[in-house]
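In case you want the letters, here they are:
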Amino acid sequence: MSKINKNNLGYLGLDFQYRLMQQILVDRRFGESIIDILKPNYFEDTFLRSISGKIRDNYEKYEVIPDVNSLESIIFENIVDEVDKEMYLSHMKRVKDANLNNSERTQDTAMKFCKQQELKKSVKEIEKIIEKGDLDSYHECEEILKKALEVGNAKDDGVDVFSNIENVLSEDFRSPIPTGIDGLDNIMNGGLSKGELAVILAPTGVGKTTITTKMVNHGKNLGYNMLQIFFEDDVKQIQRKHFACWMEGKYQLNDLGFHSDEVLGVVKQRQSEPGEIRLKRFSSDSTTIPIIKQYVKKLISQGFRPDVVILDYIDVVQPSKQFSNSWEGEGNVMRQFETMLKEFDMAGWTAVQGNRDSLNAETVDSSMFGGSIKKAQIGHFILSIAKTQDQKESGTATMAILKSRFGKDGVVFEDIIFDNSRIQIDMDNESQRGVSFTQSSVNREVKGQLRVNDVVSAAMERRRENNKQ
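As a starting point, this report considers the structure included with it. These numbers come from a predicted model, not from an experiment. (Residues numbered from 1 in each chain as written. Predicted model: local features only at pLDDT ≥ 70, side-chain atom pairs only at ≥ 80, totals over all residues. Heavy atoms only, no water.)

## Quick look at the overall build of the protein
When you go through the protein residue by residue, the secondary structure sums to 18 helices and 10 strands. Here the protein, with 469 residues, has 44% of them falling under the buried criterion. The long-range share in the protein, meaning contacts at least 24 apart out of those at least 6 apart in sequence, stands at 67%. (Helix = DSSP H or I, 4+ residues; strand = E, 2+ residues; numbered from the N terminus. Buried < 20%, exposed > 50% of the residue type's maximum accessible area, 1.4 Å probe, protein only. Contact = heavy atoms within 4.5 Å.)

## A closer look at a positive patch on the surface
Together, Lys6, Lys120, Lys124, Lys128 and Lys132 give the surface a local cluster of positive charge. Note that Lys132 resides in the loop between helix H6 (103-131) and helix H7 (138-150). (Patch = residues over 30% accessible without salt bridge, like charges linked within 9 Å, V, L, I, M, F, W, Y side chains within 5 Å. Areas by Shrake-Rupley, 256 points an atom, 1.4 Å probe, with all protein chains shown as cover. Salt bridge = Lys/Arg side-chain N within 4 Å of Asp/Glu carboxyl O. Lys, Arg positive; Asp, Glu negative; His and termini not counted. Charge placed at Lys NZ, Arg CZ, Asp CG, Glu CD.)

## Examining the side chain of Ser33
Structurally, Ser33 can be placed in helix H2 (residues 28-34). Owing to a relative accessible area of 12%, Ser33 belongs among the buried residues under this scheme. Side-chain polar atoms of Ser33 contact the backbone oxygen of Phe30, separated by 2.8 Å. (Polar contact = N/O pair within 3.5 Å; in protein donor to acceptor, adjacent residues only side chain to side chain.)

## As for the packing of helix H13 (residues 289-301) against helix H14 (residues 326-344)
With their axes 10 Å apart at the nearest point, H13 and H14 run at an angle of 15° to one another. In terms of axis orientation, H13 runs roughly parallel to H14. H14 is crossed by H13, and the crossing has right-handed handedness. Residue-level inspection shows Ile289, Pro290, Ile292, Lys293, Val296, Lys297 and Ile300 of H13 in contact with H14, the latter providing Val333, Gln336, Phe337, Met340, Glu343 and Phe344. A per-class count over the contact of H13 with H14 returns 9 nonpolar, 1 polar and 3 charged. (Axes fitted to C-alpha atoms, helices over the stretch in contact; angles between N-to-C directions. Parallel < 35°, antiparallel > 145°, perpendicular 65-115°, else oblique. Left-handed = near helix turned anticlockwise from the far one by under 90°. Nonpolar A, V, L, I, M, F, W, Y, C, P; charged D, E, K, R; others polar.)

## Brief notes about H13
Between its terminal C-alpha atoms H13 stretches 18 Å, which fits the 18 Å expected from 13 residues at 1.5 Å a residue. Listing the buried residues of H13 in full gives Ile289, Ile292, Lys293, Tyr295, Val296, Lys297, Leu299, Ile300 and Ser301. At the C-terminal side of H13, Gly303 shows a positive phi close to 100°. (Expected span 1.5 Å × (residues − 1).)

## Some words on the nonpolar core
In this structure, Leu184, Ile211, Trp349 and Leu383 are the most contacted members of the largest nonpolar core, which totals 83 residues. Among the nonpolar cores identified, the runner-up in size contains 33 residues, and Met21, Ile24, Ile37 and Ile65 belong to it. (Core = buried A, V, L, I, M, F, W, Y, C linked by side-chain atoms within 4.5 Å.)

## Quick word on the pairing of strand S6 (residues 381-386)
Counting buried positions along S6 yields 6 of 6 residues, so the element is predominantly enclosed. Neither face of S6 is open: one carries Phe381, Leu383 and Ile385, the other Ile382, Ser384 and Ala386, and all of them are buried. Inspection of the sheet shows strand S1 (residues 197-202) paired to S6 by 4 bridges, in the parallel sense. Each residue of the ladder has a partner; that of Leu201, found in S6, is Ser384. As judged from the 6 bridges shared by S6 and strand S7 (residues 396-404), these two strands associate in the antiparallel manner. In the strand pairing of S7, Leu383 is matched with Ile401. (Pairing = 2+ DSSP bridges.)

## Brief notes about empty space enclosed by the protein
If you roll a probe as big as a water molecule over the atoms, it shows you where there is empty space left. Counted by the stated rule, this structure contains 1 cavity of 30 Å³ or more. Volume-wise, the largest cavity comes out at about 50 Å³. Around the largest cavity, the lining residues are Ile177, Pro178, Thr179, Leu192, Met215, Met226, Val308, Ala347 and Trp349. Along the lines of polarity and charge, the residues of the lining of the largest cavity split into 8 nonpolar, 1 polar and no charged. (1 Å grid on protein atoms, 1.4 Å probe; cavity = no way out; pocket = protein on both sides within 12 Å on 5 of 7 lines; lining within 4 Å. Points joined across faces, edges and corners; volume = space filled by probe spheres on them.)

What follows is the structure, encoded as structure tokens:
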């Protein structure tokens with residue numbers, strides 16, 4: 001019986017090696033942690049060895065793991081032979097199409113393999129030192145073993161406060177992605193940056209999907225890749241909302257079909273422009289953040305890397321493990337979402353349902369979060385949307401900035417245009433300036449008194465008319 005060679009990854013199978021290559025490309029954190037100890041000759045296949053070498057060379061030169069599209073460009077730069085091109089294309093296709101199921105196990109197995117190889121090398125080195133019988137070399141052996149045990153650990157040793165000073169002070173250090181809502185972008189200092197998590201708090205039926213769809217649509221118009229995840233709407237409903245956005249409020253959602261030729265012309269023009277919107281509907285009763293993460297990895301492996309992900313809405317997402325109470329689970333889900341954004345270098349918007357007090361509130365505040373308050377603690381930016389019955393009829397709303405780690409908060413924008421039927425959200429010059437919560441409360445009292453005065457005046461006028469008769 002022949003002995004299995006465990007000095008390369010061949011004994012784990014070719015499919016495993018393709019899955020591993022995919023994980024390196026789509027999971028930046030994992031790729032950076034293993035690339036230094038994953039030697040190209042660990043791969044059994046010649047082409048996978050070459051591909052691994054290209055990734056390693058790029059990382060050593062530019063300190064970045066290339067994505068799938070960049071890697072293909074690097075590979076084909078110096079290939080002239082058509083047969084070689086076909087072989088590399090075939091292997092890259094297998095990398096892209098590799099099964100993403102159980103990716104955590106793939107990463108764990110590969111990391112253990114590489115660490116064992118490093119440990120084998122260190123043991124041989126230590127044996128040579130011990131054979132010399134030099135007792136003073138004990139500490140040298142200790143350092144060799146310690147170094148071998150530390151390989152593959154996360155590369156985060158903190159940051160010196162004086163590190164990269166020029167970049168910290170640069171005006172565009174956040175590189176924000178605009179929402180397309182001028183007053184909101186102004187107060188967010190340009191929009192939301194990658195790695196940041198923003199939360200929209202609103203009661204049911206106010207327009208959370210309206211505002212997230214408008215943000216996604218505007219991002220695509222600017223050339224970004226946008227991923228819109230939802231649970232309750234139909235895909236065609238979301239598509240129609242995007243079409244309404246591109247018609248810039250000219251037609252209501254229900255009237256788009258009456259102007260199909262005009263709408264199709266505008267939509268096809270947008271389709272030809274840079275940027276992409278990917279719509280994905282998940283199940284509302286069994287989806288977890290790890291499931292969403294696997295889907296994002298699959299998209300990246302296929303060449304679509306989202307700049308922004310919209311999760312509409314996070315209350316539907318289930319915890320990936322059991323908790324003693326639902327509130328702990330809700331906080332864990334939000335934390336997992338934030339971690340995913342940082343890991344894949346994406347900006348993220350999500351929505352949260354308000355509690356009962358938010359249903360009839362003229363302004364929704366932070367005390368109206370439904371469920372765990374940890375959802376508010378984790379978010380970098382939180383805005384709320386409120387609609388009174390009058391505002392629903394007039395197509396307006398009140399937006400409040402409840403929290404901002406990169407701009408001003410405690411600001412209320414009253415009676416902004418918020419038309420769900422046309423997917424229009426606009427802030428005129430007056431509302432763009434915003435007012436404080438205190439001033440907003442005073443304004444509501446004044447408006448309330450004016451309404452009372454109007455009712456009293458109308459009643460007195462009717463009485464005068466009756467007396468004349």
